[in-house]
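Residue-level structural notes
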Amino acid sequence: MLTFTLRRLLLAIPTLLLISLVIFLLVDLAPGSPASEIPLTVPPEVRMKILEALGVNEPLHIRYLLWLKQFFWVEPLNGFDAIFGTNYAEGMQRIISYQSRSPVFPLIGERLPQTLTVIGTAYLVGVLIALPIGIYSAYKQYSLFDQFGTMFAMIGFSVPTFFTGTLFIIIFAVWLGWFPTKYDTTLEVTDWDSFLTQLRQMAMPVMVLGLANAAAISRYMRSSMLENMSQDYVRTARAKGMDERTVVLKHVLRNSLIPVVTVIALGIPSIFGGAIITENLFGVNGIGSALIQAIRGNDLPMVQTLAFIFAILIVAFNLIADLLYGMLDPRIRYD
Amino acid sequence: MKLTTALMGAVAALAFAPAAFAERGADGNVNVLYWQAPSILNPYLSSGTKDVEASSLILDGLAGFDEKGVVFPRLAESIPTVENGGISADLTQITWKLKPGLLWSDGTPVTSADAKFTYEYCTHPEGGCAQAARYEGISSIETPDDLTIVITFAAPKPNPYTAFVGGTSPILQAAQFANCLGAAASTCTEQNFKPIGTGPFMVTDFKVNDVVTLAANPNYRDPAKPAFATMTLKGGGDAAAAARAVLETGEFDYAWNTQINPEQQMQMAAAGKGVLLNGFGTLVERIEMNQTNPSPDLPEGERSTTKHPHPFLTDIRVRKALSMAIDRQILVDIGYGAAGRPTCNLVPAPELFASPNTDCLVQDMEGAKALLEEAGWVDADGDGIREKDGMPLKILYQTSTNPVRQDFQAVIKDWWTELGVDVELKNIDASVFFGGDAGSPDTFQKFYADVEMYANNFDGTDPEPYLAQYKCDKIPGPENQWQGENINRFCDPAYDALVDELSKTSDMAKRGEIAIRLNEMLTKDTYIVVPLVDRGRLSAASNTLGGVVLNTWDTELWNAQDWFRVK
Amino acid sequence: MTDSTSAVAPPESFRGAVWAQFRKHKGAVFGLIVLGLLIVFSVIGPLVWNPEKLTVVEALKSKNLGPSLTHPMGTDQLGRDQMQRMMAAGKVSLAVGFVAMIIAIFLGTLIGVLAGYFKRLDGPLMRLTDMFLALPLIPLLLVMVMLFRDDLSRAMGPEMGAFVLIVFAIGVTSWMHAARIVRGEVLALKEREYVLASRSIGATPRRVILRHILPNVVSPVMVAATLGVAEAIITESVLSFLGLGFPPDFPTWGRLLFEGLEYMQLYPERVIFPGLAISLTVLSVNYIGDGLRDALDPRIRGR
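Read on for a plain summary of the structure. (Residues numbered from 1 in each chain as written. Chains lettered and ligands numbered in written order. Predicted model: local features only at pLDDT ≥ 70, side-chain atom pairs only at ≥ 80, totals over all residues. Heavy atoms only, no water.)

This part covers the overall build of chain B. Scanning chain B for helices and strands turns up 16 helices and 20 strands. Taken along the three principal axes of its C-alpha coordinates, chain B extends 80 × 65 × 45 Å. Each of the 567 residues in chain B was classed as buried or not, and the buried ones make up 63%. For chain B, the accessible surface area stands at approximately 19,700 Å², while carbon and sulfur atoms represent 56% of it. Counting 45 positive and 74 negative side-chain charges, chain B places the averaged centre of each group 3 Å from the other. (Helix = DSSP H or I, 4+ residues; strand = E, 2+ residues; numbered from the N terminus. Buried < 20%, exposed > 50% of the residue type's maximum accessible area, 1.4 Å probe, protein only. Areas by Shrake-Rupley, 256 points an atom, 1.4 Å probe, with all protein chains shown as cover. Lys, Arg positive; Asp, Glu negative; His and termini not counted. Charge placed at Lys NZ, Arg CZ, Asp CG, Glu CD.)

This is the structure in structure tokens:
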């Protein structure tokens, strides 16, 4: 297992480099330019000057190599400086966003807290709702509970977040006046009252995202449980006189977790990626809304950096999922 | 509860006059919502409306434009004119005087050197200054003393109120930005995010594309203003959500650019928590007619270039018929409501430059059909589509993606279909359409379509550069990386000559006449540009926010120092 | 999916047995009926329901009407009959949803099975999956549209060209979840006793996969397929919203839902009908998937 992990980690380096190149080419090739944010009243000569100052006109390979150097050398050095108060990175050009003309990493840092709190909570809530629903629905297949759960999951999944979000705003903010429609990112939780305010402003985005997440995960849980419930070993276990609880929660559940682990592992990097529509709708202004704004403004350094961090997380969590498979089912061997 | 509110209202009405003499910072916090959040607070590095408007709370110029488009002094003592000797008789020099005793928010004095520095900052060749056009034509700036700024132009400048006038060209503090010239501009994150200014507020915290928190400037020139101690300028969401947050939930006091459909305008205003403000500027939604052939059968690099004239849109009768088939009032009712009005002009304002042309306002379907018949376009094979010499009258009509524009497309397609024209619609994401990427086939400059619809306006009150966009030498094409502004590839030597005359004319009345003439040459004489709707600005203000005056000639936050809480 | 050369169960009786089992599943039959109705509504509906085409001015007089006998689903902000638009939209959305889902599931299952079963392919294929997962979706779609739209619309006309492009774009950007899930299952399955037994008697990989592996990954694949239909229909609306999809006068359920959003408070029926149509489609696909899985499972069928 250890050698497998090490091999995979080593292999991850060329993989990630390749991914970074593909992302770079893709973003560069995409139609659109940072100039789309400049109003039409600005004359073309000025427009060209602005683009030149951004460094957009440099050849592709130079920009890519510069980005690599900045990402793997300048930015870590900057981080080192920030921690130990040294100044090794002084005078080195950091990765600069086209839109705000400021280093990309502090911008990401600014947005991470709200993304992790809101999207992370939503994911956790989603998983916590989904697993019991999935398990119980499978155990009592075609019961009223199951039918209801199916309905809930299907509606949760087939109705897009732009719809549920707006619906919730109208119901909970406009009609009932319970929750604010805009998330206040400057709020600091210091006491009970500010904690309650934080809970209230999180409520709607968490509900919207939690619903969507729970829907998908509960379906996978249910189907996987069903698959295993009809296996011979379950009959054997029951025949042995094992109590239902142990059969279901220990044997069946454990064997049913593989697809669920896959789905959850695929979902965790997307917590970092944020939720574009929901974040935007509620003014959470986390990573997701940063990404979409950067894409719309063709802010290549920002898109590239975010997408690459996302890629690292995907590779990491897929590796974790592979390791978990081995633990859940010892028969799976990679060596 | 109801009664007390009513009483409070009565008190507020009585107290209305004293509010003007209120104390600085007496009214607490004001919440402003810009659904597109600012990404930088230095207007010289980003010309996006959101960035310029947010910066205008902090940074000030010598003068600004009021809600009527009239120049009024900010840091300057008075407005220089030819009459008061502030502008030289040959129009090559303008002399500004600063108000004495002005201080930056950090307490240091404001001097003419700051203005000169700002000029150098923006005209630095490597800086990529977004507002360079405001400083165009300046040959030098002299500062004979601490309060005097003398701007000399290379040629007579009939409209000298460009540099340091309006929210797009404020004065920066030389001391703060000294190390940020040229290529160093983007290393100055601290400066760009927290500029020291002379405006009513100063930045306490800035989160990019998210929220700006501001506090009253302790050194603001009017000791009684601003009435608010702090301001929060939040971003995110869309226009409808922004309008809702002011008008329906009352979480915010002011929301910028709440462009929502007329039905929603009525419904949200009915909630009674606030009002929608609208004002008209120079923004005109129009259809541009391509004078060159966009056919995909032509080789790349020759599509939509002057090498191949358009097969039928070069015929004025076809263009005129297409315009006549449109009922502009219906478009306004569908898309803009109170925030729009029908127009036949490319330059709808200021009054001096606006043509009285109203020819296009009445739809004339029969007249349009007759005109096409006259031009030889008849439906010979009875399929509902007119042909001429075997070529069907088929139009590709493109625009950017936006619900109102798609409704317009649907309705105009109906009218044109009734006229016997085969219309294909196409919509393109705004970031691509307006992106100007020479590699993309879908930009509005490339114009790979027969007609396209978008809106444009001009900066400030002088339409000269705007009208000059339609000169022959500004036609986009592969040789200039498609960077021209003459989108429809219109070319008329007489038009060019008249534009040149305008640039040499200084008499305002005469300028007005020429501008009107130029406008008519593009619209009612030729139907090269088919204006549809004069689009106003629409913003929402809470009933508890006083002093708001919507301004379409400068930034919307131009008088934030006068805002106060209605108690 | 099933091995027709099997000597144990001749094809006819196998298909018959599956159908018999499928019919016993009440949910599945219900799903089949609902889906059938939706297809009839979208395909045959426009032939029956064809309100007179009005001029703009006339149509605007009857804008934003609620449901009535003349307009069973009301009219929109331009006075267009909603039912007619729902029918036209249904044809597109159903086609996009199913075709894109089939492409995604086919790719996902293929890559997942190959990666899970053949150790040598596992590394490269899974790194490819990682890459597709990491690519930012919107630039990817923008690039695809830029590269292929003009050629496709010239070859097939603007509507068909857009359809092929959209289905293809959604298909190649949404197979990764299915691939990861299938691979995970296959990794576990190929170590099971019956697979080992089959391999030890010299069965070809092809036979092992078709006979033993595939039938056992049906259930997660069915879930992925159900969710895939919903996702494809909604992704299409996002694409149209970005101007990457169909021409703007071409309604789809996703787009109707999106457009109706502005009017949700005033005219809730504008979002209810398209929302309901999408939900019903997904729900019926889900039940059909359930029934199909039970029917294909020899243990349940035998009972």
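Next, the rest of the story.
To continue, consider the state of the cysteines. Residues and elements named next belong to chain B. According to the stated counting rule, one finds four disulfides over all chains in the structure shown. The side chain of Cys-344 participates in a disulfide bridge whose partner is Cys-360; the two sulfur atoms lie 1.9 Å from each other. Given an S-S torsion of about -100 degrees, the disulfide between Cys-344 and Cys-360 has left-handed geometry. Taken together, the positions of Cys-344 in the loop between strand S12 (340-342) and helix H11 (365-374) and Cys-360 in the loop between S12 and H11 put the pair 16 residues apart, joining distant regions of the chain. A residue is classified by how much of its surface remains accessible, and Cys-344, at 4% relative accessible area, is buried. (Disulfide = S-S within 2.5 Å.)

Let us look at the interface of chain A and chain C. Counting from both sides, the interface comprises 59 residues of chain A and, opposite them, 56 residues of chain C. Across the interface of chain A and chain C, roughly 5,500 Å² is buried in total on both sides, 67% from carbon and sulfur atoms. Put simply, Asp322(A) and Arg180(C) hold a salt bridge, and the shortest N to O gap is 3.5 Å. Broken down by secondary-structure element, the contributors of at least two residues to the side of chain A that touches chain C are helix H1 (2-29), helix H5 (144-158), helix H6 (161-175), helix H7 (192-229), helix H9 (244-273), helix H11 (287-296) and helix H12 (300-328) of chain A. Of the residues forming the side of chain A that touches chain C, the biggest block, ten residues, is contributed by H12(A). Here the side of chain A that touches chain C is built from residues that sort into 38 nonpolar, eleven polar and ten charged. (Contact = heavy atoms within 4.5 Å. Buried area = accessible area lost by both parts, 1.4 Å probe. Salt bridge = Lys/Arg side-chain N within 4 Å of Asp/Glu carboxyl O. Nonpolar A, V, L, I, M, F, W, Y, C, P; charged D, E, K, R; others polar.)

Opposite charge on two side chains permits pairing when their charged atoms draw close. Scanning all chains against the criterion turns up 42 salt bridges over all chains. Across the pair Glu67(B) and Lys68(B) runs a salt bridge whose closest N-O atoms are separated by 3.7 Å. For Arg286(B), the salt bridge identified is with Glu288(B), shortest N-O distance 2.7 Å. Residues Arg286(B) and Glu288(B) agree in their burial class; the two are buried. Counted as one network, the salt bridges with shared partners bring together Arg8(A), Asp322(A), Asp122(C), Arg180(C) and Arg183(C).

Residues and elements named next belong to chain B. Position of Glu-288 relative to the elements: it lies in strand S11 (residues 274-289). Note on Glu-288: relative accessible area 0%, which makes it buried. When neighbours within four sequence positions are excluded, Glu-288 is seen to be in contact with Phe-447, Asp-450, Val-451, Glu-452, Tyr-454, Tyr-470, Asn-488, Ile-528 and Val-529.

Moving on, we get to the interface of chain B and chain A. Between chain B and chain A, the residue contacts involve 55 residues of the former and 49 residues of the latter. For the pairing of chain B and chain A, the buried interface totals around 4,000 Å² over both sides, and the portion due to carbon and sulfur atoms is 55%. Remark: the boundary between chain B and chain A carries zero salt bridges. Put simply, chain B and chain A have eleven residue pairs in polar contact (both at pLDDT 80 or more) between them. Listed by contribution, the elements that provide at least two residues to the side of chain B that touches chain A are helix H6 (189-193), strand S7 (201-207), strand S8 (211-216), strand S9 (230-235), helix H7 (239-247), helix H13 (430-433) and strand S17 (451-456) of chain B. When the residues that make up the side of chain B that touches chain A are grouped by side-chain class, the tally is 21 nonpolar, 21 polar and 13 charged. (Polar contact = N/O pair within 3.5 Å; in protein donor to acceptor, adjacent residues only side chain to side chain.)

Moving on, we come to the nonpolar core. A general trend in soluble globular proteins is that nonpolar side chains are found buried together. Counting 179 residues, the largest nonpolar core has Trp96(B), Ile151(B), Phe164(B), Tyr254(B) and Trp563(B) as its most contacted members. By residue number, the principal contributor to this core is helix H7 (residues 137-173) of chain C, which donates 16 residues. Beyond its immediate stretch of four places on either side in the chain, Phe164(B) contacts Gly61(B), Leu62(B), Ala63(B), Ala115(B), Thr118(B), Tyr119(B), Tyr135(B), Ile141(B), Ile151(B), Ser169(B) and Ile171(B). Among the nonpolar cores identified, the runner-up in size contains 94 residues, and Met229(A), Val252(A), Val182(C) and Val221(C) belong to it. (Core = buried A, V, L, I, M, F, W, Y, C linked by side-chain atoms within 4.5 Å.)

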